Amino acid sequence: MDKPPNTKHCGYLYALGQKVWKRWKRRYFVLVQVSQYTFAMCSYREKKSEPQELMQLEGYTVDYTDPQPGLTGGRAFFNAVKEGDTVVFASDDDQDRNIWVQAMCRATGQSYKPVAPTLAQKHNFKDSERTQKLGMDEFIAADPCKCMHTALFQVLQKQTLQHRMNDSFSCLGWFSPGQVFVLDEYCARYGVRGCHRHLCYLKELTEYAENSAVIDPTLLHYSFAFCASHVHGNRPDGIGTVTTEEKEQFEDIKSRLLSLLENQIVHFRYCFPFGRPEGALKATLSLLERVLMKDISTPVLPDDMKKVIRKCLEKAALINYSRLTEYAKIEDTMNQAAPAKKLEDVMRLGELCIEVLQQNEEHHSEAFAWWPEIMAEHAEIFWSLYAVDMDASLEAQPQDSWDSFPLFQLLNNYLRNDTLLCNGKFHKHLQDYFIPLVIRYIDLMESSIAQSIHRGFEQETWQPVNNGSTTSEDLFWKLDALQMFVCDLHWPEPEFAQHLEQRLKLMASDMVEASVKRTRIAFDAKMQKANKSTDYRISPSVCTMFNVLMDAKKQCTKLCVLDAGQEFGKQWQQYHSKTDDLIEEAFKEMISLLVSKFVAVLEGVLAKLSRYDEGTLFSSILSFTVKAAAKYVDVPNPGMDLADTYITFVRQNQDILRDKKRMDDLSSVMYLRLFEQWYTSSMKAICVWLTDRLDLQLHMYQLKTLIRIVKKSYRDFRLQSVLEGTLNNKTYETVYNRLTVEEATVSVTNGSDLQGISMRDSDEEEG
């Protein structure tokens, strides 16, 4: 802001008045001349052009004054006094105060001229004020040689430590460098013994630690070792004295310190939460070992130290579990809740127990690294306390209830990964309880699956569902779920785990064999009802039966084979081979039945062609009638209708098989076997038919029909991925050569009666 007009002086001052400026604070003041005889003190806020408060100086008397007690801020004080009002001002230095006082004196026009205080007056005032304020007059006047400095030092150190412990930050009992300097100076000046100093320090620190304050055990260790070196008389420098009183104090403090350290180890989770302060638990154990020593040079026996640690951790297990049950509020639940609620609470309590032990391992195991077996005993005691609540909850569950298996999985997954607890007391107890449950569950599941197979295949509609039928999908899902359930248990005992796996594999083999046999029976029944005409089309149910067998073969490799790491007995290998052989035999028989049905249709077509055999009465009549009628009307060629009907029959059944098959390698191989056997059998049937007529010339219609059937069959089966070696087998070559010879004979005798039908280029012809 701009400086106001008629400004006489300005600057920052502290001010406190009765009517204006009622709070002691630093403000910006401007002394302004309002008129010829009127002046005013104005206070401004930052960046404001109008004064916040003002006071006219008319009638006021300005003078120097002493510092006012209770007002912090400002060093040089002065005031303005008027009847009924006093305003106190303070500036940052004496020179600024002098300028303000002179300017305000001129403004008030007062006759009294203030005189600034001298330097001596200032010092006398400050010293007297400080001594009166702190109550030090008595000590200043006292004779140092007549004081009990031992007792005074104890008070001084106690008050200093109390002040230090009340700091806003954690000091862990350590003095600040300035405090250490004062205490060292006092001891050096007035001859306070070092042993007495540290005994008092130990006593105070122990009291703070007993009241749950966090004290650095390294600090305790340092002071204790210093005192012990005096008491035992074997200081490294060879110089050390101790009084009888100090020795008694040391024994008393040692006893208290031992109790304190044992209590801290018993409550290690709460005295050193999450391993904090870092390294404190390890230092506490080191201090405990030092306290247990009989003198400064004789180490404590390892067994004695181990005995103390074991006793502490036994108590710690009980305390930790008791606090955990209080936190989980488990006691009321165990007495009144329903079985399901009890199991739920025990599950939650088990999770908390695992979390507690994991925290111990993560944050405290390093400190107890010398005694891992004692930590394992601590965990076993902890779990034994949990076992009481767990057994009570499990006994309350109804019979044949499987809701407790997640509890086993939770506990077992933790215990089996802990080398010290795996197959320990609690782990064995857990297994002993759940072994009968697992066996009972598998027995019931085996009975249930067997019944579902029996009922399912009796009511099976053979509609395609995923990779098989409704019953087969349900069967394989149940078997896989049961094996996954047992696998997820991760049973820790190898013998029983192997027994469970072998039993489930044997069960799966039995169930797969049963499903294969029932499918085979249903397929036979379906084939017996099928007709042998070219109108026959494979029903979707037949394809579903094939898919069931393929799925069974695929599932067999997963459900019926033991892990490669286990030793196979001859009996087990034979049993598994028996299942594979059964599935393979069922495949062969079903393919043979289906192919025989297809061949029967072809034999029906060939039987119709047999009516045209040379030398039969029917052939002569039919040929004469056709030739006579052909002079007047277009007579349809029966041979082409018969061939086209059969070709349509082949193609449509091929399409059905191709569309219904599963899209995997196993299905492709099996259906390829079917097509190969179908093609081979068809060619054999035609070859046998032609062989029976080796001495006869084929009728025109027989020749055209066979040429068309053979050519189209060759092409269609090639499109179904039948290999060239199978297509061009010896049977096909025999048929091909015979039809080629017959074609040439007809061409010589009858000209072009074949109407463009020829065996030539049969593998390139389309349509």
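Residues numbered from 1 in each chain as written. Predicted model: local features only at pLDDT ≥ 70, side-chain atom pairs only at ≥ 80, totals over all residues. Heavy atoms only, no water.

*Asks:* Explain the overall build of the chain residue by residue, including any values.
*Replies:* A count of helices and strands for the chain gives 26 helices and seven strands. Within the chain, contacts between residues separated by at least 24 positions form 70% of all contacts whose residues are at least 6 apart in sequence. About 41200 Å² of surface is accessible on the chain, with carbon and sulfur atoms providing 52% of the total. (Helix = DSSP H or I, 4+ residues; strand = E, 2+ residues; numbered from the N terminus. Contact = heavy atoms within 4.5 Å. Areas by Shrake-Rupley, 256 points an atom, 1.4 Å probe, with all protein chains shown as cover.)

*Asks:* Describe the packing of aromatic side chains, with residues and values.
*Replies:* Within this structure, the stated rule accounts for 41 aromatic pairs. With a centroid separation of 5.0 Å and an interplanar angle of 15 degrees, the aromatic rings of F175 and Y201 are classed as stacked. Pair noted here: F175 is in the loop between helix 4 (149-165) and helix 5 (177-190) and Y201 is in helix 6 (residues 194-210), with a separation of 26 residues, a long-range link. For Y201, a relative accessible area of 6% corresponds to the buried category. When the ring of W383 is compared with that of Y414, the centres are 6.2 Å apart and the planes differ by 50 degrees; the resulting orientation is tilted. Taken together, the positions of W383 in helix 14 (residues 372-395) and Y414 in helix 15 (residues 405-415) put the pair 31 residues apart, joining distant regions of the chain. Comparing W383 with Y414, the two get one shared label, buried. Taken together, W402, F405, F408, Y433, F434, Y441, F485, W491 and F496 form an aromatic cluster joined through their ring pairs. (Phe/Tyr/Trp six-rings, centres within 6.5 Å; stacked < 30°, edge-to-face > 60°. Buried < 20%, exposed > 50% of the residue type's maximum accessible area, 1.4 Å probe, protein only.)

*Asks:* Can you break down the packing of helix 16 (residues 425-458) against helix 18 (residues 494-529) residue by residue, with the values?
*Replies:* At a minimum axis separation of 10 Å, helix 16 and helix 18 run at an interaxial angle of 5 degrees. Classified by the angle their axes make, helix 16 and helix 18 are roughly parallel. Contacts from I435, V438, I439, I442, D443, E446, I449, A450, I453, H454, F457 and E458 of helix 16 reach helix 18 at F496, L500, R503, L504, M507, M511, A514, S515, R518 and T519. The class makeup of the residues in the contact of helix 16 with helix 18 is 14 nonpolar, three polar and five charged. (Axes fitted to C-alpha atoms, helices over the stretch in contact; angles between N-to-C directions. Parallel < 35°, antiparallel > 145°, perpendicular 65-115°, else oblique. Nonpolar A, V, L, I, M, F, W, Y, C, P; charged D, E, K, R; others polar.)

*Asks:* Give me the lowdown on the confidence of the model for the chain, citing residues and values where you can.
*Replies:* For the chain, the mean per-residue pLDDT works out to 86, and 87% of the residues sit at or above 70. Model confidence for the chain, summarised as mean pLDDT per element, is weakest for helix 21 (residues 617-630) at 53 and strongest for helix 15 at 94. Taken as a whole, residues 762-766 scores under 50 in pLDDT and shows 10 contacts with residues more than four places along the chain or in a different chain. (pLDDT = per-residue confidence, 0-100.)

*Asks:* Could you give me a rundown of the side chain of K478, with the residues and numbers involved?
*Replies:* Topologically, K478 is positioned in helix 17 (residues 470-489). Exposure remark for K478: the relative accessible area of 18% places this residue in the buried category.

*Asks:* So what's going on with the sheet that holds strand 3 (residues 39-44)? Residues and values would help.
*Replies:* In spatial order, the strands read 4-3-2-1-7-6-5; together these seven strands make up an open sheet with antiparallel pairing. The outermost strands of the open sheet, each flanked by one partner alone, are strand 4 (53-56) and strand 5 (61-64). Each strand of the sheet is rotated relative to its neighbour by a mean of 35 degrees, with strand direction disregarded. (Pairing = 2+ DSSP bridges.)

*Asks:* Explain the pattern of salt bridges residue by residue, including any values.
*Replies:* Applying the stated criterion to the full structure yields 25 salt bridges. With its nearest N and O atoms 3.1 Å apart, the salt bridge here joins R738 to E742. With R738 and E742 both in helix 26 (residues 730-750) and four residues apart, this pair spans about one turn of that helix. One salt-bridge network, in which partners are shared between bridges, spans D443, E446 and R503. (Salt bridge = Lys/Arg side-chain N within 4 Å of Asp/Glu carboxyl O.)

*Asks:* An account of the environment of R290 is requested, with residue identities and associated values reported.
*Replies:* Considering the arrangement of structural elements, one finds R290 in helix 10 (residues 280-292). When the C-alpha positions of R290 and F224 are compared, they lie 8.7 Å apart, and in sequence the two are 66 residues distant.

*Asks:* Give me unusual backbone geometry: which residues, what numbers.
*Replies:* With an omega of -5 degrees, the peptide bond between R276 and P277 qualifies as cis. The phi dihedral of F274 falls on the positive side, at around 55 degrees, and the residue is not glycine. Here F274 lies in the loop between helix 9 (268-271) and helix 10. In this structure, W462 takes a positive phi of about 60 degrees despite not being glycine. Mapped onto the elements of the fold, W462 is located in the loop between helix 16 and helix 17. W462 sits in the buried class, given a relative accessible area of 8%.

*Asks:* Quick one: what's the story with the environment of L407, residue by residue and with numbers?
*Replies:* Along the chain, the position of L407 falls in helix 15. Placed 56 residues apart in sequence, L407 and E351 show a C-alpha to C-alpha distance of 9.4 Å. If near-sequence neighbours (up to four positions away) are discounted, L407 is found in contact with L343, V346, M347, Y386, M390 and L394.

*Asks:* Could you give me a rundown of the packing of helix 14 against helix 15, with the residues and numbers involved?
*Replies:* It is at 13 Å that the axes of helix 14 and helix 15 come closest, and there the two elements cross at 160 degrees. Here helix 14 is positioned roughly antiparallel relative to helix 15, judged by the angle of their axes. Like other packed secondary-structure pairs, helix 14 and helix 15 cross with a definite hand, here left-handed. Between helix 14, through W383, Y386, M390 and L394, and helix 15, the contact on the second element is made entirely by L407, L411, Y414 and L415. Per-class residue counts for the contact of helix 14 with helix 15 are eight nonpolar, no polar and no charged. (Left-handed = near helix turned anticlockwise from the far one by under 90°.)

*Asks:* Explain the pairing of strand 6 (residues 76-82) to me, and be specific about the residues and the numbers.
*Replies:* Most of strand 6 is tucked away, with five of its seven residues classed as buried. With four bridges joining them, strand 5 and strand 6 adopt antiparallel strand pairing. In the sheet register, Y64 faces strand 6, and the bridge partner there is F78. Pairing of strand 6 with strand 7 (residues 85-91), which is carried by seven bridges, proceeds in the antiparallel orientation. When the sheet's bridge partners are listed, K82 is paired in strand 7 with D85. What sits between strand 6 and strand 7 in their antiparallel hairpin is a turn of two residues, with G84 showing a positive phi close to 90 degrees.

*Asks:* Talk me through a positive patch on the surface; I want residue IDs and the actual numbers.
*Replies:* Residues R23, K25, R45 and K48 make up a contiguous surface patch of positive charge. In this fold, R23 is placed in the loop between strand 1 (7-16) and strand 2 (25-33). A relative accessible area of 56% means that R23 is categorised as exposed. (Patch = residues over 30% accessible without salt bridge, like charges linked within 9 Å, V, L, I, M, F, W, Y side chains within 5 Å. Lys, Arg positive; Asp, Glu negative; His and termini not counted. Charge placed at Lys NZ, Arg CZ, Asp CG, Glu CD.)

*Asks:* Kindly report on the nonpolar core, identifying the contributing residues and their values.
*Replies:* Counting residues in each nonpolar core, the largest one holds 124 residues, and the members touching the most others are W383, Y386, F546, I686 and L739. The residues touching Y386, leaving out its near neighbours within four places in the chain, are Y321, V346, L349, G350, C353, L407, L411 and F426. Ranked by size, the runner-up nonpolar core spans 46 residues in total, among them L161, L199, L261 and L288. (Core = buried A, V, L, I, M, F, W, Y, C linked by side-chain atoms within 4.5 Å.)

*Asks:* Talk me through helix 7 (residues 217-231); I want residue IDs and the actual numbers.
*Replies:* For helix 7, with 15 residues, the first-to-last C-alpha span of 20 Å sits near the 21 Å given by 1.5 Å per residue. Taking burial as the measure, the 15 residues of helix 7 include 12 buried ones, the bulk of the element. Inspection of helix 7 places P217, L219, L220, H221, S223, F224, A225, C227, A228, S229, H230 and V231 among the buried residues, and these make up the whole buried set. Next to the buried residues of helix 7 lie helix 6, helix 8 (244-266) and helix 10. Near the N-terminus of helix 7, the side chain that reaches the backbone nitrogen of T218, with its oxygen 3.0 Å away, is that of D216. (Expected span 1.5 Å × (residues − 1). Polar contact = N/O pair within 3.5 Å; in protein donor to acceptor, adjacent residues only side chain to side chain.)

*Asks:* Provide a residue-level description of the state of the cysteines, including the pertinent values.
*Replies:* On inspection of all chains with the given rule, the structure shows zero disulfides. For C227, which is in no disulfide, the shortest distance to another cysteine sulfur is to C195 and amounts to 4.6 Å. On the basis of relative accessibility, which here comes to 0%, the residue C227 falls in the buried class. C560 supplies the cysteine sulfur nearest to C556, a cysteine that is in no disulfide, at a spacing of 3.7 Å. (Disulfide = S-S within 2.5 Å.)

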